[in-house]
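Secondary and tertiary structure notes
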Amino acid sequence: MFSVTHISSVVILCLLILLLFSSRNRWPIQQKKVQFMERFFALTLVVMDGCYYIWLVQTGRWNWGNSLPLELCSISLIVTIILLWTGNKKLYPFVFYAGIGGAIQAVATPVLDMNFPHFRFFHFFYTHFGIILTALYFTWVKGYRPTFKGIMQTMITLNALLPFLFAINFLVEGNYMFLQEKPRGGSLLDFLGPYPWYILSLELAAFIVFSCLWLLFRTKKNREATYEIT
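As a starting point, this report considers the structure included with it. Because the structure is predicted, anything quoted here is derived from the model rather than measured.

Reading the values: rules and limits
Residues numbered from 1 in each chain as written. Predicted model: local features only at pLDDT ≥ 70, side-chain atom pairs only at ≥ 80, totals over all residues. Heavy atoms only, no water. Helix = DSSP H or I, 4+ residues; strand = E, 2+ residues; numbered from the N terminus. Rg over C-alpha atoms; globule rule 2.2 N^0.38 Å. Buried < 20%, exposed > 50% of the residue type's maximum accessible area, 1.4 Å probe, protein only. Contact = heavy atoms within 4.5 Å. Areas by Shrake-Rupley, 256 points an atom, 1.4 Å probe, with all protein chains shown as cover. Lys, Arg positive; Asp, Glu negative; His and termini not counted. Charge placed at Lys NZ, Arg CZ, Asp CG, Glu CD. Polar contact = N/O pair within 3.5 Å; in protein donor to acceptor, adjacent residues only side chain to side chain. Salt bridge = Lys/Arg side-chain N within 4 Å of Asp/Glu carboxyl O. Core = buried A, V, L, I, M, F, W, Y, C linked by side-chain atoms within 4.5 Å.

**Some remarks on the overall build of the chain**
What the chain contains, in helices and strands, is eight helices and zero strands. Its helices and strands in sequence order give the chain the pattern α-α-α-α-α-α-α-α, from N to C terminus. A globule of 230 residues ought to have a C-alpha radius of gyration of about 17 Å, and the chain, at 18 Å, matches this closely. Overall, the C-alpha framework of the chain stretches about 45 × 35 × 30 Å when taken along its three principal axes. Across the 230 residues that make up the chain, the buried fraction comes to 40%. Within the chain, contacts between residues separated by at least 24 positions form 71% of all contacts whose residues are at least 6 apart in sequence. Accessible surface computed for the chain: about 12900 Å², of which carbon and sulfur atoms make up 69%. Across the chain, 18 positive and 10 negative side-chain charges occur, with their mean positions spaced 16 Å apart.

**Section: the side chain of Ser67**
Here Ser67 shows up in the loop between helix H2 (31-58) and helix H3 (72-86). Residue classification places Ser67 among the buried residues on the basis of a relative accessible area of 3%. Reaching out from Ser67, the side chain makes a polar contact with the backbone nitrogen of Asn63 at a distance of 3.0 Å. Among residues more than four places away in sequence, those in contact with Ser67 are Tyr53, Leu56, Arg61, Trp62 and Tyr176.

**Quick notes on the pattern of salt bridges**
Summed over the entire model, instances satisfying the criterion amount to two salt bridges. In this structure, Glu38 and Lys142 form a salt bridge, with 3.1 Å as the shortest nitrogen-oxygen distance. Note that Glu38 is positioned in helix H2 and Lys142 in the loop between helix H5 (119-140) and helix H6 (148-172), a separation of 104 residues in sequence. Relative accessible area serves as the criterion here: at 29%, Lys142 is assigned to the partly exposed category. One salt bridge in this structure joins Arg61 and Asp113, with 3.3 Å as the shortest N-O distance. In this pair, Arg61 is assigned in the loop between H2 and H3 and Asp113 in the loop between helix H4 (92-108) and H5, connecting sequence segments 52 residues apart.

**Topic: the nonpolar core**
The biggest cluster of nonpolar side chains holds 54 residues, and the ones touching the most others in it are Phe96, Tyr97, Leu136, Phe138 and Phe210. Secondary structure elements with two or more residues in this core: helix H1 (4-22), H2, H3, H4, H5, H6 and helix H7 (197-217). Take this core: its biggest share by element is twelve residues, from H5. Not counting residues within four places of it along the chain, the set of residues in contact with Phe96 comprises Gly101, Ala135, Thr139, Pro146, Leu213 and Phe217.

Spelled out as structure tokens, the structure:
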């Protein structure tokens, strides 16, 4: 954390976001071409994540307790890939709120034991960058808009996952979504109190982060009237 490679990765993400924003009105308008680009990027995320699981197995690192795709960013990545492939607007709020919120936290305080130029380093940052950039792409380029209703839908979805994740953590002695303990090595969760109270604090923190994202990205139309994604 906060090494030269970490800071460099954050700078690269910021530059990519600026590039996406500055080019938001210059993307091709042909539907087939756009769909090809979206699906191609989705496939790169699938391949990168698939290679990660192959690496886990080949190196003997795979186990039930920490290798299932049940972390917030792993779930967000799956939803991101489906959104890129289908364009389903109902998936957008989760990718925008949970995806950006979770991936930004992960990029700011990465839980990694492999540094540049290891494959795991590239996998971590490529997939997390992919989540953030996809959410912003659908906002700035495709015209999807975050709503307050989307915040509530995302919060309900996340809370609906909690009993399932608690059960999985108990059965496999895991710590998915850090519901059993905080990540070692430091993270933003350190500011949210001791276990188990930080889980409740995390609910409030998530709502605040989601609300800030909504206020930051809503348009003039959003301010005048609530725009619902149908």
